[in-house]
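Below, each chain spelled out in residue letters.
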Amino acid sequence: MYTLHYAPGAASQLVHVALLECGASHRLERVDLEGGQQHGPAYRALNPHGHVPTLIVDGRPQHECAALAMLLAERHPEAALAPMPGSAQRADYLELMLYLANSVQPAFRLWFYPQEAGGDPTAIRNAAAARIENAWRHLATRLESAGPWLLGDAFSVVDVYAVMLMRWSRHLPRPALAFAPLADLAARVTARPAWRHAAETEGLPAWP
Ligand SMILES: N[C@@H](CCC(=O)N[C@@H](CS)C(=O)NCC(=O)O)C(=O)O
């Protein structure tokens, strides 16, 4: 039994969808980000960064949404959420997960929390939006040449991760859905029962 500390529509959504895709037994604990619960001592004891998600795995709190999705894919191989070591798609899988985690998600952090970077918030947000738009271009090109999923023929946690981030761009100057291959990917992922169930449980407004 896993416990996911989450906030609606936050980085925890990737883990929530992955748990459902795996059919893994779990319970949810909502963290009130607006009320600052993530900064309180009880939550900081679980997650010293004061971020969601935190996933309790075998009694231990674990962090980082990308790592948690990869861990779940590994612990539940029957769900086929990731290419296993030695398979042909493994290198692309690792590359894309780390690309989303290292290049795309941090740009969203700058967009949503420009004050953390210091400097002029408008300039920081403009730079973040440009980086995010470049990422959409890169992913759209990839899907055009080798779709329909980001790893080609097989759905994986990479698709869920990308679509979660795409959703975050809905109020940016050029949202992901402006790119036709990405809009197609969003439609595929959000039609899956796991995404729909997570979105409903988290109370997210309809998207796309
Ligand atoms: N690197 C972390 C980042 C998580 C993160 O930025 N979470 C945001 C919500 S999407 C958060 O907890 N924000 C609350 C805060 O920073 O006070 C991960 O990928 O899990």
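Throughout this document, residue positions are counted from 1 along each chain, in the order its sequence is written. Thresholds applied to this predicted model are a pLDDT of at least 70 for local features of residues and 80 or more for the giving and counting of side-chain atom pairs; totals over whole chains, interfaces and linings are not thresholded and use all residues. Water and hydrogen atoms were dropped before computing side-chain values, which therefore reflect all heavy atoms in the structure.

Aromatic contacts are taken between Phe, Tyr and Trp rings whose centres are within 6.5 Å, Trp giving its six-membered ring; a plane angle under 30 degrees counts as stacked, one over 60 as edge-to-face, and the others as tilted. Taken as a whole and assessed by the stated rule, the structure comprises five aromatic pairs. Between Phe108 and Phe112 the ring centres are 6.2 Å apart and the planes differ by 20 degrees, which places this aromatic pair in the stacked class. Pair noted here: Phe108 and Phe112 are both in helix α4 (residues 90-112), with a separation of four residues, about one helical turn. The exposure class of Phe108 is buried, given its relative accessible area of 0%. Here Phe112 falls in the partly exposed class, since its relative accessible area comes to 42%. For helices the rule is a DSSP run of H or I covering at least 4 residues; for strands it is a run of E covering at least 2, with both sets numbered from the N terminus onward. When a residue's accessible area, from a 1.4 Å probe over protein chains only, is under 20% of the maximum for its type it is buried; when over 50% it is exposed; and in between it is partly exposed.

Helical geometry note: an α-helix holds 3.6 residues per turn, so side chains three or four residues apart project in the same direction. An expected span of 1.5 Å times one less than the residue number is assigned to each helix. For helix α6 (residues 157-168), which comprises 12 residues, the first-to-last C-alpha distance of 17 Å matches the rise-based estimate of 16 Å (1.5 Å per residue) to within 8%. Counting buried residues in α6 gives 12 out of 12 residues, a clear majority hidden from the surface. Among the residues of α6, those classed as buried are Val157, Val158, Asp159, Val160, Tyr161, Ala162, Val163, Met164, Leu165, Met166, Arg167 and Trp168. Contacts are residue-level and defined by heavy atoms, with any inter-residue pair within 4.5 Å sufficient. Against the buried residues of α6 lie α1 (12-22), α3 (65-75), α4, α5 (121-146), α7 (180-190) and α8 (193-202).

This brings us to the site of the ligand. For each residue, the test is whether any non-hydrogen atom lies within 4 Å of the molecule or strand; if one does, the residue is near. As a structural note, the neighbourhood of the ligand is formed by 15 residues, with Gln38, Val52, Glu64, Arg109 and Tyr113 the closest of them. Whenever a nitrogen or oxygen atom comes within 3.5 Å of another N or O atom, the pair is scored as a polar contact, on the condition that within protein one atom can donate a hydrogen and the other can accept it, and that pairs from neighbouring residues in sequence are kept only if both atoms are in side chains. Interatomic distance of 2.7 Å between a side-chain N/O atom of Glu64 and a nitrogen atom of the ligand. In the model, an oxygen atom of the ligand is placed 2.9 Å from a nitrogen or oxygen of the Gln105 side chain. Considered on its own, the ligand offers 510 Å² of accessible surface; in the complex 85% of this is hidden by protein. Residues are grouped as follows: Ala, Val, Leu, Ile, Met, Phe, Trp, Tyr, Cys and Pro are nonpolar; Asp, Glu, Lys and Arg are charged; every other residue, Gly included, is polar. For the shell around the ligand, the class distribution of residues is eight nonpolar, five polar and two charged. The start and end points of each domain follow an automatic or database-based domain assignment. The residue makeup of the shell around the ligand includes at least three contributed by each of domain 1 (2-80 + 195-202) and domain 2 (90-192). For the area figures, the Shrake-Rupley method with a 1.4 Å probe applies, and any residue is considered shielded solely by the protein chains shown.

Moving on, we get to the pairing of strand β3 (residues 54-57). On β3, burial covers both faces: Thr54 and Ile56 on one face and Leu55 and Val57 on the other are all buried. A strand pair is defined by DSSP finding two or more bridges across the two strands. Bridge analysis of strand β1 (residues 2-6) against β3 gives three bridges, and the strand direction is antiparallel. Paired with Leu4 across the two strands is Leu55, which belongs to β3. The sheet contact formed by β3 and strand β4 (residues 60-63) spans four bridges and is antiparallel. Its bridge partner lying in β4, Leu55 is registered against Gln62. From the end of β3 to the start of β4, which pair antiparallel, there are two residues, and Asp58 there has a positive phi angle of about 50 degrees.

Another aspect to go through is α4. Compared with an ideal rise of 1.5 Å per residue, which puts 23 residues at 33 Å, α4 spans 32 Å between its outermost C-alpha atoms and is within 8% of the ideal. When α4 is considered as a whole, its buried residues turn out to be Arg90, Tyr93, Leu96, Met97, Leu100, Val104, Gln105, Ala107, Phe108 and Trp111.

In this section: the side chain of His76. Assignment of secondary structure puts His76 in the loop between α3 and α4. Dropping the residues within four chain positions of it, His76 is found in contact with Tyr2, Cys22 and Ala24.

Below, the discussion takes up the pattern of salt bridges. Any carboxyl oxygen of Asp or Glu within 4 Å of a side-chain nitrogen of Lys or Arg constitutes a salt bridge here. Applying the stated rule across the entire model yields eight salt bridges. The partner of Glu133 in a salt bridge is Arg137, and the shortest N-O contact between them spans 2.7 Å. Taken as a pair, Glu133 and Arg137 lie in helix α5 at a separation of four residues, close to a single helical turn. The partner of Glu133 in a salt bridge is Arg174, and the shortest N-O contact between them spans 3.5 Å. Of this pair, Glu133 sits in helix α5 while Arg174 sits in the loop between α6 and α7; the two residues are 41 residues apart in sequence, bridging distant segments of the chain. Overlapping salt bridges bring together Glu133, Arg137 and Arg174 as one network.

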